Amino acid sequence: AGIKEGGRTGLTACVIGFWFLVSVFFAPLFGDIPVYATAPVLLLIGSMMMGEASEINWRSMYEAVPAFLTLAMMPLTFSIPNGIFFGTVAHAILYVTTGEFFTWVKGKCFSGSISRIDSLEEATRLTSSADELEPQKVKEKTASFFGVL
């Protein structure tokens, strides 16, 4: 989107969209360029991509496996979208199988329902009200809860 280069308002995306629209008219002309003429440009783009790969945390398998599959499958399948697909699917599988998904669900769904004791006064009030119960009633409630009585 051009944010890294300084475009933050969306004007960068509009300008790029305009140039893509202009390039549609030149597509037949670009199709006549032989493959061996574009190969050096692809090598340059590949080397620029490898520079960004140095920022991947290779010690974390959660990040390294999808990144490796993305990088490896692009040249093996001769398709950038296939490489991105393999990396995305690997990330989704790791997200579920490592338990990250369940941690996220637990945090999103159950964080509001679990009450916290925020003050010492509230904790004291809760414990003092429990002490007021007669020991026999507590024993009866516990026994009936477990199905003994």
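Coordinates for the structure precede this section.
Residues numbered from 1 in each chain as written. Predicted model: local features only at pLDDT ≥ 70, side-chain atom pairs only at ≥ 80, totals over all residues. Heavy atoms only, no water.

Describe the overall build of the chain, listing the residues and the values that go with them.
Within the chain one finds seven helices and zero strands. Traced from its N-terminal end to its C-terminal end, the chain shows the element sequence α-α-α-α-α-α-α. Buried positions account for 11% of the 149 residues belonging to the chain. A fraction of 25% describes how many contacts in the chain between residues 6 or more apart in sequence connect residues 24 or more apart. (Helix = DSSP H or I, 4+ residues; strand = E, 2+ residues; numbered from the N terminus. Buried < 20%, exposed > 50% of the residue type's maximum accessible area, 1.4 Å probe, protein only. Contact = heavy atoms within 4.5 Å.)

Describe the packing of aromatic side chains, naming the residues involved and giving the relevant values.
Scanning the model with the defined rule gives three aromatic pairs in all. Each ring, one from F26 and one from F30, has its centre 6.3 Å from the other, and the planes form 35 degrees; the classification is tilted. Here F30 and F26 lie together in helix α1 (residues 11-31), a separation of four residues that amounts to about one turn. The exposure class of F26 is partly exposed, given its relative accessible area of 42%. A residue is classified by how much of its surface remains accessible, and F30, at 46% relative accessible area, is partly exposed. (Phe/Tyr/Trp six-rings, centres within 6.5 Å; stacked < 30°, edge-to-face > 60°.)

Tell me about unusual backbone geometry, and name the residues and values.
Phi at F78 is positive, roughly 60 degrees, even though this residue is not glycine. One can find F78 in the loop between α3 (61-77) and α4 (80-97).

Describe the side chain of T70, listing the residues and the values that go with them.
Mapped onto the elements of the fold, T70 is located in helix α3. With near-sequence residues (within four places) excluded, T70 lies in contact with G83, I84 and G87.

Account for α3, naming residues and giving values.
Taking 1.5 Å of rise per residue, 17 residues should cover 24 Å, and α3 covers 23 Å from first to last C-alpha, within 8% of that figure. Every buried residue of α3 is accounted for by A64, P66, A67, T70, A72, M73 and M74. Contacts from the buried residues of α3 go to α2 (35-53) and α4. (Expected span 1.5 Å × (residues − 1).)

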